[in-house]
Amino acid sequence: MAFESLADRLQETFKKIRGKGKVSEADVKEMTREVRLALLEADVNFKVVKDFINKVKERAVGQEVLKSLTPGQQVIKVVQDELTELMGSEVSKLKIAQKPPTVIMLVGLQGAGKTTTTGKLANYVRKQLNKNPLLVAADVYRPAAIKQLETLGKQLNMPVFSLGDQANPVDIAKQGLEKAKADHHDIVFIDTAGRLHIDEAMMEELRQIKAAVNPDEVILVVDAMTGQDAVNVAESFNESLDITGVILTKLDADTRGGAALSVKAVTGKPIKFAATGEKLDALEPFYPDRMASRILGMGDVLSLIEKAQASVDEEKAKEMEKKLRDLSFTLDDFLDQLAQIRKMGPLEDLLAMMPGMNKVKGLKNVKIDEKQLSHIEAIIRSMTPQEKADPDIINASRKKRIANGSGTSIQDVNRLLKQFKDMKKMMKQMMGMTKGKKKKGLFNLPFM
Amino acid sequence: MSFFKKLKEKLAGQKESVTSKFKDGLSKTRHSVAQKVNNLVKRYRKVDEEFFEELEEILITADVGVHTVMDLIDELKDQARSRNIKETSELQDVIIEVLAKMLTKDEEETKLRLNPDGTTVILMVGVNGVGKTTTIGKLANRFKQEGKSVLLAAGDTFRAGAIDQLEVWGKRAGVDVIKHQEGSDPAAVIYDALQAAKSRKVDVLICDTAGRLQNKVNLMKELEKVKRVISREFPGAPHEVLLALDATTGQNALSQAKEFGKATDVTGIVLTKLDGTAKGGIVFAIRHELDLPVKFVTLGEGIDDIQPFDADAFVYGLFSEMMTEAGGDAE
């Protein structure tokens, strides 16, 4: 993360206060100043921050913080409560028409990611809601925008309706809807061209499309890295089109995403989804409470837990535990475990989600090389079953073969074998420790 | 002589079109910032803490960034103290002077570095959706009109339709595009383009790359590789590594400039989409914290909607309203 977390900053402030024995109103002011800076650095709009701070101050100056023995934590709690209230706490679902087809229109500035999001959202409703979508290419302005949607359609094996880039977008939308009805698609996505919210002629075009197809959802696509201008954009699009929701894109960047708060505050419309990667399945329902934590830099523990739950096979986990206990853990199991971890997504993402990770020295800017993991996998896969079960039999000539087979060097193989040995040794000690504890209450860790 | 007078004289020799383009594109910025400063000056007669707080607000709302704003405010406070300024109307000039000084350091550094004896290789990098491909189209057209031979390399092999998009721009500008299939190795496309540039002896080769978020390690490594391939084939190249930056981007722009800088030694910035309501204040923050010059700004969807960055014109556009008002004494 590019910014120090609010928790870290408040900690600094509290250090100054600690000696005083009593927290004054001035101290609270100092603390809310830190909150203000954190929010501004997270790109929350200035006015939104101002209103927000006033609310926090009101509550913080009230008895609950001043009398508390841990004012720091109290302030964070107040801030988080207020943030969650502002962001909303419910996950907002897509509105589905009672009488199909459901019509969903995507709008936004240039480069926000409308076309890619259209593909992702269509993929999502097909997978999660069992829908049969039609994509309508109504961006006739940007070169190759239609081609882009068509390519996405091909990747997803989904039909795309287009009339070329000489047709009128309103006609395209209308005929697209007709086509959907004729072909019994129960959901239609209309991808519109990116435009500036101050471009009256282009905004009028959107109003005409909206009037022509009467969409169930008009979704504003917003780049999570947007700065202070997010409020102007959201306000204009909302006034012009009465949007029904927002999708936040590029949330996998190292941005705090304060734009989310700004957009919610000025439009009052829910953020429905977040796009979090380059792949077509990188779209998730938006969890407002988790976003609140992210903006403040408090880690996204819930997402992490959920990710882990979704990816780790419970059966396998139990089996692993047993193996660990009776020390029959082999290189094969090691490989298995690696695969499980990798299923959870890029390791950096996982680290970033853990609170306090910013504070751990050396971990702040840690970049985990996924290639390294691939090397380890390749090495283990190049071993024979006997070698995997009993690495002790791996002699020099076997090492040479393994290195050749995996495209690595003998040093790499040696390193892995040593790591595995150390790991086993450590496990043994841990097991011994728990056993020893029961028996004699003694530890046998080397440093004790 | 007042600051505005000096600026006006300096700009007098410039082509009207350049400044008016900036004025058009920046009219929103100008309205908001200049008007606010004006209002501010009118509202507060005295230079006091409250005045500075409001000024801070204006700059923050322009995405200048909290740290940069604080430094600016400190500097202004110092200036006000040392020049013994008590009335806000006097401070108006100082505000603009400080801002302009921050952007204008050396005029040479905002110019493109061209290779005098052979092909100039330009590498375009940036996150997704900032307008790299569009900017390349505009740049190609610009070079073409200067009478240079131009070749484009379709290095974005990842995003659907990116190659076609660059080809459309190539056609519009009347320049060739070297491409492979979607999904192929970008370094290989760039390699082929470099060979083609050599044999055709083109003046300028512009390499497109796929948009990538700066925190994706593997993708940034891929970019490093592309740059390595260029340097290996053309010693001294790339002569420019331009980072396309969306003017609507908030504080993350700094992180983008930092990380892309680490991976590819960015030499300059193209600030895109300045025709919206975004204030482009990140220019100050990037200059202040990373000392990276802005080389171009883009202001629309037309093929000629690109201008070399001119700090004077930028400031002129930003504050031209104030200039006419303050310029009353200049007539």
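For the structure itself, look to the data block above.
Residues numbered from 1 in each chain as written. Chains lettered and ligands numbered in written order. Predicted model: local features only at pLDDT ≥ 70, side-chain atom pairs only at ≥ 80, totals over all residues. Heavy atoms only, no water.

> What am I meant to see in the overall build of chain B here?
Regarding its fold elements, chain B presents 12 helices and 8 strands. In chain B, which comprises 331 residues, the proportion classed as buried is 60%. Taking all contacts inside chain B whose residues are at least 6 apart in sequence as the whole, residues at least 24 apart take part in 77%. When the accessible surface of chain B is summed, it comes to about 13,100 Å², and 47% of that surface belongs to carbon and sulfur atoms. (Helix = DSSP H or I, 4+ residues; strand = E, 2+ residues; numbered from the N terminus. Buried < 20%, exposed > 50% of the residue type's maximum accessible area, 1.4 Å probe, protein only. Contact = heavy atoms within 4.5 Å. Areas by Shrake-Rupley, 256 points an atom, 1.4 Å probe, with all protein chains shown as cover.)

> So what exactly am I meant to see when it comes to the overall build of chain A here?
Helix and strand counts for chain A come out as 20 helices and 8 strands. Across the 448 residues that make up chain A, the buried fraction comes to 51%. Sequence-distant contacts, at least 24 apart, represent 73% of the contacts inside chain A between residues at least 6 apart. For chain A, the exposed surface amounts to about 21,900 Å²; the carbon and sulfur share of it is 52%.

> It is not clear to me how the interface of chain B and chain A should be interpreted in this structure. Could you clarify?
Accessible area lost when the parts come together is the quantity often used to give the size of an interface. Of the residues lining the interface, 46 residues belong to chain B; the matching set on chain A comes to 40 residues. Both faces considered, chain B and chain A share a buried interface measuring about 3,600 Å² in area, 54% of it formed by carbon and sulfur atoms. Counting across the interface, chain B meets chain A through 4 salt bridges. A salt bridge links Asp164(B) to Lys147(A); its shortest N-O distance comes to 3.4 Å. Counting the contacts that link chain B with chain A gives 18 residue pairs in polar contact (both at pLDDT 80 or more). (Buried area = accessible area lost by both parts, 1.4 Å probe. Salt bridge = Lys/Arg side-chain N within 4 Å of Asp/Glu carboxyl O. Polar contact = N/O pair within 3.5 Å; in protein donor to acceptor, adjacent residues only side chain to side chain.)

> For this particular structure, what's the right way to read the packing of helix H6 (residues 114–129) of chain A against helix H7 (residues 145–156) of chain A?
Each pair of packed helices can be described by the angle between their axes along with the distance between the axes. All names here are of chain A. With their axes 9 Å apart at the nearest point, H6 and H7 run at an angle of 25° to one another. When the axes of H6 and H7 are compared, the pair comes out roughly parallel. When you trace H6 past H7, the crossing you get is right-handed. Together, Thr115, Thr116, Thr118, Gly119, Asn123 and Arg126 of H6 and Ala145, Gln148, Leu149, Leu152 and Leu156 of H7 make up the contact between the two elements. A class-by-class count of the residues in the contact of H6 with H7 yields 4 nonpolar, 6 polar and 1 charged. (Axes fitted to C-alpha atoms, helices over the stretch in contact; angles between N-to-C directions. Parallel < 35°, antiparallel > 145°, perpendicular 65-115°, else oblique. Left-handed = near helix turned anticlockwise from the far one by under 90°. Nonpolar A, V, L, I, M, F, W, Y, C, P; charged D, E, K, R; others polar.)

> Help me understand the nonpolar core, please; the structure alone is not making it clear to me.
Looking at soluble globular proteins, one finds that nonpolar side chains tend to be buried together. Counting residues in each nonpolar core, the largest one holds 161 residues, and the members touching the most others are Phe237(A), Leu91(B), Leu152(B), Leu205(B), Ile206(B), Ile230(B) and Leu271(B). Top contributing element to this core by residue count: helix H5 (residues 88–103) of chain B, with 7 residues. What Leu205(B) contacts, discounting residues up to four positions off in sequence, is Thr119(B), Thr120(B), Val121(B), Ile122(B), Leu151(B), Leu152(B), Ala153(B), Ala193(B), Leu194(B) and Ala197(B). Ranked by size, the runner-up nonpolar core spans 25 residues in total, among them Leu94(A), Ile146(A), Leu149(A) and Met158(A). (Core = buried A, V, L, I, M, F, W, Y, C linked by side-chain atoms within 4.5 Å.)

> Quick question: what am I supposed to make of empty space enclosed by the protein here?
The rolling of a water-molecule-sized probe over the atoms marks out the regions of remaining empty space. Residue and element names in this part refer to chain A. Counted by the stated rule, this structure contains 6 cavities of 30 Å³ or more. Considering only enclosed or pocket space, the largest cavity measures out at about 120 Å³ in volume. Lining the largest cavity we find 16 residues, and of these Leu109, Ala112, Val222, Asp223 and Thr226 sit closest to its centre. Listed by contribution, the elements that provide at least two residues to the lining of the largest cavity are strand E5 (217–223) and helix H10 (230–241). Take the lining of the largest cavity: its biggest share by element is 4 residues, from E5. A per-class count over the lining of the largest cavity returns 9 nonpolar, 4 polar and 3 charged. (1 Å grid on protein atoms, 1.4 Å probe; cavity = no way out; pocket = protein on both sides within 12 Å on 5 of 7 lines; lining within 4 Å. Points joined across faces, edges and corners; volume = space filled by probe spheres on them.)

> Is there a simple way to think about the side chain of Asp208(B) in this case?
Looking at where Asp208(B) falls in the secondary structure, it is placed in the loop between strand E4 (204–207) and helix H9 (217–233). Residues in contact with Asp208(B), not counting those within four places in the same chain, are Met124(B), Lys132(B), Thr133(B), Ile136(B), Ala153(B), Ala154(B), Gly155(B), Asp156(B), Leu166(B) and Ile190(B).

> Help me understand the sheet that holds strand E4 (residues 187–192) of chain A, please; the structure alone is not making it clear to me.
Each strand in a sheet pairs with its neighbour through backbone hydrogen bonds, running either in the same direction (parallel) or in the opposite one (antiparallel). Residue and element names in this part refer to chain A. The strand order E3-E2-E4-E1-E5-E6-E7-E8 describes an open sheet built from 8 strands, whose pairing is mixed. The open sheet has two free edges, formed respectively by strand E3 (160–161) and strand E8 (283–285), since each of these has just one partner strand. Here strand E1 (residues 102–108) runs beside E5; their pairing, made up of 5 bridges, is parallel. Across the sheet, the residue bridging to Ile104 is Glu217, located in E5. The strands touched by helix H8 (residues 169–182) are E1, strand E2 (133–138), E3 and E4; relative to E2, the strand with the most contacts, the crossing angle is about 165°. (Pairing = 2+ DSSP bridges.)

> I tried to follow the packing of aromatic side chains on my own but got confused; where do I start?
Each aromatic ring pair is described using two quantities: the centre-to-centre distance and the angle formed by the ring planes. All names here are of chain A. Applying the stated criterion across every chain yields a total of 2 aromatic pairs over all chains. Judged by centre distance (5.0 Å) and plane angle (75°), the ring pair of Tyr124 and Phe273 falls under edge-to-face. Within this pair, whereas Tyr124 is found in helix H6, its partner Phe273 is found in strand E7 (residues 271–275), the two being separated by 149 residues in sequence. Both residues of the pair, Tyr124 and Phe273, belong to the buried class. (Phe/Tyr/Trp six-rings, centres within 6.5 Å; stacked < 30°, edge-to-face > 60°.)

> Honestly, the sheet that holds strand E5 (residues 240–246) of chain B in this entry has me stumped. Any pointers?
All names here are of chain B. Pairing is mixed in the open sheet, where 8 strands are placed in the order E3-E2-E4-E1-E5-E6-E7-E8. With partners counted over all chains shown, the strands left at the sheet margins are strand E3 (176–178) and strand E8 (306–308), one partner each. Each adjacent strand pair in this sheet contributes to an overall mean axis angle of 25°, direction not counted. Of the pairings in the sheet, the one linking strand E2 (residues 150–153) to E3 comprises 3 bridges and is parallel in character. Paired with Leu151 across the strands is Asp176, a residue of E3. Seen against the sheet, helix H10 (residues 252–264) touches strand E1 (120–125) and E5 and runs at an angle of roughly 160° to E5.

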